[in-house]
Amino acid sequence: MGSAASAWLSRYSANEAAQSLLLWYRRQGRRLPWRETRDPYRIWVIETLLQQTRILQAQTYIQRFFEAFPDLETLANASLNQVLAVWQGLGYYQRAYHLHQTAQKLYQGGGWSFLDSPQALENLLALPGIGSYTARAILCFTEKGKYLPVDGNLVRVLARLWKDTTPATQRSAYQAQADTLPDIWKTREVAFALMDLGQLHCLPQRPECLLCPMQRFCWGAEAGLASQLPIRKQKAPRPVQYWHFWLHADGKHVWLEQRPPRGIWGSLWCLPAHPLPKPPKNKPAFKHAFTHFELWGYVERVAEPPSSAQPVPWTRLCEFALPTPIKRLLHSQLPF
Ligand code: SF4
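Conventions we followed
- Residues numbered from 1 in each chain as written.
- Predicted model: local features only at pLDDT ≥ 70, side-chain atom pairs only at ≥ 80, totals over all residues.
- Heavy atoms only, no water.
- Pairing = 2+ DSSP bridges.
- Helix = DSSP H or I, 4+ residues; strand = E, 2+ residues; numbered from the N terminus.
- Buried < 20%, exposed > 50% of the residue type's maximum accessible area, 1.4 Å probe, protein only.
- Contact = heavy atoms within 4.5 Å.
- Phe/Tyr/Trp six-rings, centres within 6.5 Å; stacked < 30°, edge-to-face > 60°.
- Lys NZ or Arg CZ within 6 Å of the ring centre and 35° of its normal.
- Near = heavy atom within 4 Å.
- 1 Å grid on protein atoms, 1.4 Å probe; cavity = no way out; pocket = protein on both sides within 12 Å on 5 of 7 lines; lining within 4 Å.
- Sits in = over half its atoms within 2 Å of the grid points.
- Nonpolar A, V, L, I, M, F, W, Y, C, P; charged D, E, K, R; others polar.
- Axes fitted to C-alpha atoms, helices over the stretch in contact; angles between N-to-C directions.
- Points joined across faces, edges and corners; volume = space filled by probe spheres on them.
- Core = buried A, V, L, I, M, F, W, Y, C linked by side-chain atoms within 4.5 Å.

1. Some words on the sheet that holds strand β2 (residues 253–258)
The 3 strands lie next to each other as β3-β2-β7, forming an open sheet whose pairing is antiparallel. Each of the sheet's edge strands pairs with one partner strand only, and the pair in question is β3 (269–270) and β7 (310–313). As paired elements, β2 and β3 share 2 bridges and run antiparallel to each other. Across the sheet, the residue bridging to E257 is C270, located in β3.

2. Topic: the pairing of strand β1 (residues 240–247)
The two faces of a sheet get side chains in turn, since along a regular strand they alternate between them. One ladder, built from 8 bridges, connects β1 with strand β6 (residues 294–301); its direction is parallel. What sits directly across from V240, in β6, is E294. Here 4 bridges tie β1 to strand β4 (residues 273–276), and the two strands are oriented antiparallel to one another. Bridged to H244 within β4 is H274.

3. Section: the environment of A178
The residue A178 is located in helix α11 (residues 171–179) in this model. According to the relative accessible area criterion, A178 is buried, its value standing at 0%. A178 sits 23 residues away from V155 along the chain, and the two C-alpha atoms are 10.0 Å apart. When near neighbours in sequence (up to four residues on either side) are disregarded, A178 contacts L148, V150, W162 and K186.

4. Some remarks on the packing of aromatic side chains
One pass over the full model with this rule turns up 18 aromatic pairs. Both rings, one in F290 and one in F293, keep their centres 4.7 Å apart while their planes meet at 20°; by these two values the pair is stacked. Across the pair, exposure class does not vary: F290 and F293 are buried alike. Of the aromatic side chains, those joined through ring pairs into one cluster are Y41, W44, F65, F66, F69, W87, W112 and F114. When the ring centre of Y61 is taken as reference, the NZ or CZ atom of R64 above it lies at 4.6 Å.

5. Section: the site of the ligand
Within the structure, the ligand sits among R160, H201, C202, C209, C212, Q215, C218, A221 and A226. Judged by its atoms lying within 2 Å of the grid points, the ligand is housed in the largest cavity. A per-class count over the shell around the ligand returns 6 nonpolar, 2 polar and 1 charged.

6. Some words on the sheet that holds β1
Reading across the sheet, the 4 strands line up as β4-β1-β6-β5 and stay open at both edges, with mixed pairing between neighbours. The outermost strands of the open sheet, each flanked by one partner alone, are β4 and β5 (286–289). Averaged over all adjacent pairs, the angle separating strand axes in this sheet is 30°, with direction ignored. Pairing between β5 and β6: 4 bridges, direction antiparallel. Bridging from a neighbouring strand, H288 pairs with L295 of β6. Across the sheet, helix α14 (residues 324–331) is in contact with β1, β5 and β6; its angle to β5 comes to roughly 155°.

7. What about empty space enclosed by the protein?
Counting across every chain of the model gives 1 cavity of 30 Å³ or more. Estimated volume of the largest cavity: approximately 120 Å³. Lining of the largest cavity is provided by 15 residues; of these, R160, C202, C209, C212 and C218 occupy positions nearest its centre. Per element, the largest residue contribution to the lining of the largest cavity is 3 residues, and it comes from helix α10 (residues 152–162). Grouping the amino acids of the lining of the largest cavity by side-chain chemistry returns 11 nonpolar, 2 polar and 2 charged.

8. Some remarks on the nonpolar core
Ranked by size, the top nonpolar core spans 110 residues in total, and within it W44, F65 and W185 carry the most contacts. Here W44 is in contact with L72, L75, L99, T102, A103, W112, I130, T134 and I138, once residues within four sequence places are set aside.

Below, the structure is given as structure tokens:
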């Protein structure tokens, strides 16, 4: 076991700490509707939707997604365009692409029965779009395996509990330590309780230690280090990419092309575009932030339709999955 978690376990009682946490959770934890399920399909979709998305925004999409694709079979048999149309506006489209691809693999391979095998974690990790956190979340929340899935929220809570000075960016180091905790710490209820603790008391800027049920067991708070943990490195400014977009439209149509499946806005419908080596002198029509860079879009109205594009009726635009800034831009151009 890693040193911080093992040192914590030798200093405090893991059992008493878990009991105190669960007592609080049963009285004051959040009652989130999607936590009620133990269905691996729903858990997988929900966890994927919740990544990089705020809960309020995700709620609408969770409902919409399950209305369109209530089970693995429906999702596996849907077209990618149908999935993208439900996903549009949520960003990080690679998630939708992977959900669709993995649904097809799982459906063809006989569904979720492999979750009962001892290799369940490895098998999950081999599927497109299922990473360390999601694989463990599926096993933990379905109660098929003993894991504590560690996301960014849990890194903060665990760093403070364990007085761990490992930088927050090294999430895998926290996960490795969590994997070796006693079983009482690797249940779905403890995972939900720790997540709620991170959202309700162990806040990023001002942890509310006096109200926290874990105060007696928190080494970081005892050492007066709560608000300094986890250690965060200063973020480097995001690099910028400059893109040129061609807009050709008339009163009835706008000309769009479907982007390649890989790369920025994979498989979405977009104005024909190409990256520029340096920024033009004029102002960009929009700026859009991705996780690792910013895209500045320069739009040119052209008299002839670009050869790679096809006409899409303005009245059918809502049937096409478009990147958010392009959707906004086109809505400002609507001829009616
Ligand atoms: Fe977080 Fe403070 Fe609770 Fe420790 S005592 S878990 S730092 S809120």
